[in-house]
Amino acid sequence: KKGACCAGQDIHDARRVAEKLGIAHYVLNYESKFKESVMDDFVDSYLAGETPIPCVKCNQSVKFKDLLQTARDLGADCMATGHYVQRSGDTQQAQMLRAAAPSRDQSYFLFATTQEQLDFLRFPLGHLKSKDETRALAARFGLQVADKPDSQDICFVPTGGYAKVIEKLRPGALEGGHIVLTDGTIIGSHDGIINYTVGQRKGLGIANAEPLYVIRLDAEKKQVIVGRKEELLRQEFTIRECNWLSQMVDGVEVLVKTRSTQAGVPATIKILENNCALVTLKEPQAAVSPGQACVAYVGDRLLGGGWI
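An account of the accompanying structure is given in this report. Only a predicted model underlies this, so the values are computations on that prediction, with no experimental measurement involved. (Residues numbered from 1 in each chain as written. Predicted model: local features only at pLDDT ≥ 70, side-chain atom pairs only at ≥ 80, totals over all residues. Heavy atoms only, no water.)

1. Section: the nonpolar core
Membership of the largest hydrophobic core comes to 25 residues, with the highest contact counts inside it found for Met-79, Met-96, Phe-111, Phe-123, Ala-293 and Val-295. Listing elements by their share of this core, those giving two or more residues are α3 (54-73), α4 (115-120), β14 (293-298) and β15 (301-307). Among the elements that make up this core, the one with the highest residue count is α3 (5 residues). In terms of nonpolar packing, the next biggest core, distinct from the first, is built from 17 residues, Ala-277, Val-279, Cys-294 and Ala-296 among them. (Core = buried A, V, L, I, M, F, W, Y, C linked by side-chain atoms within 4.5 Å. Buried < 20%, exposed > 50% of the residue type's maximum accessible area, 1.4 Å probe, protein only. Helix = DSSP H or I, 4+ residues; strand = E, 2+ residues; numbered from the N terminus.)

Written out as structure tokens, the structure is:
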């Protein structure tokens, strides 16, 4: 009725969509906000020994906070994004559901969406069964991106070279240190903990009788702690800065994902103080990494989650 606000990675694409549909469009510059809220946070998290998810931070801050507020200020009826999730329910107290195409589902990256934001958001692609359907629609509307290849990389790290980006934003951050076993025995050296992630096996440069995996990273001591595969297993851990789209009841059985590619495993959640929660997995899982998100579901419905 009054126009819509479109959140997309490419301003030019958004402009073409608006022109095709006859909708008034605005170009909004969030470069400085993106650097502060997403890129700087990404670097700080890596330097702290975590494995960050900048896409969640982008949705949480730039898109669903600043851009959404701009949409309201412009008098828009809603804000539509290209995320592959589904929304159900009335305007108030809407629910977020997984996408119809499991391989495209992005609900994991939207766990921090608040109820107020969800009530204002629309996800017109979530019901599509495949990316082929999306491309067919783009071709039908004459959009030049109809055949654009998919990208699995972080938008500001297009080649996957995290270390180079971090070194550019934080000169001198690549400090070396020791690679140690879980008992503290030094078995090698490294050129910076940002080159390692929890669960990593290849590229350690360590000769050992049995495979070694990165168990955790100690940023303060600049240590990469390695050990056997079974030492990666975790059954209980806490999450912080929790966001719930529905009232959580202690002990309720849910499915949780501790990384975006995971299918989901049974667990229970206990609410703690200071917006934290205790997650207990039914079966131990490997590579539960600090900095990643733990996201909870009942069926296809997203309940919310928090940062590991």
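After presenting the structure, the write-up continues.
2. Side note on the packing of aromatic side chains
Inspection of every chain in the model, using the stated rule, returns 7 aromatic pairs. Plain terms: the ring middles of Phe-42 and Phe-156 are 5.2 Å apart, the flat faces sit at 85° to each other, and that makes the pair edge-to-face. Linking Phe-42 in helix α2 (residues 31-47) with Phe-156 in the loop between α5 (131-140) and α6 (162-169), this pair joins segments that are 114 residues apart in sequence. By relative accessible area, Phe-42 is classed as buried at 1%. For Phe-156, a relative accessible area of 14% translates into the label buried. Feature note: the residues Phe-34, Phe-42, Tyr-46, Phe-156 and Tyr-162 constitute an aromatic cluster, connected by ring pairs. (Phe/Tyr/Trp six-rings, centres within 6.5 Å; stacked < 30°, edge-to-face > 60°.)

3. A few points about the packing of α2 against α3
The packing of two helices is summarised by the inter-axis angle and the distance between the axes. Two elements in contact, α2 and α3, have axes separated by 9 Å at closest approach and are oriented at 160°. The angle between α2 and α3 falls in the class roughly antiparallel. The handedness of the crossing between α2 and α3 is right-handed. In this structure, α2 uses Lys-33, Phe-34, Ser-37, Val-38, Asp-41 and Phe-42 to contact α3, whose residues at the interface are Pro-54, Lys-57, Cys-58, Ser-61, Val-62 and Asp-66. Split into classes, the residues belonging to the contact of α2 with α3 amount to 6 nonpolar, 2 polar and 4 charged. (Axes fitted to C-alpha atoms, helices over the stretch in contact; angles between N-to-C directions. Parallel < 35°, antiparallel > 145°, perpendicular 65-115°, else oblique. Left-handed = near helix turned anticlockwise from the far one by under 90°. Contact = heavy atoms within 4.5 Å. Nonpolar A, V, L, I, M, F, W, Y, C, P; charged D, E, K, R; others polar.)

4. Regarding a nonpolar patch on the surface
A cluster of nonpolar residues, Leu-21, Leu-137 and Phe-141, forms a patch on the protein surface that exposes about 260 Å² of accessible area. Take Leu-21: it is sitting in helix α1 (residues 11-21). (Patch = residues over 30% accessible without salt bridge, like charges linked within 9 Å, V, L, I, M, F, W, Y side chains within 5 Å. Areas by Shrake-Rupley, 256 points an atom, 1.4 Å probe, with all protein chains shown as cover. Salt bridge = Lys/Arg side-chain N within 4 Å of Asp/Glu carboxyl O.)

5. Regarding the pattern of salt bridges
Applying the stated criterion across every chain yields a total of 10 salt bridges. A salt bridge links Lys-33 to Asp-66; the shortest N-O distance between them is 3.9 Å. Here Asp-66 lies in helix α3 and Lys-33 lies in helix α2, a separation of 33 residues in the sequence. Classification of Lys-33 by relative accessible area gives partly exposed; the value is 25%. As a salt-bridge pair, Glu-230 and Arg-228 come within 2.9 Å of each other at their nearest N and O atoms. Arg-228 gets classed as partly exposed once you look at its relative accessible area, which sits at 34%. Several salt bridges converge on common partners, so that one network encompasses Lys-35, Asp-40, Asp-44 and Arg-170.

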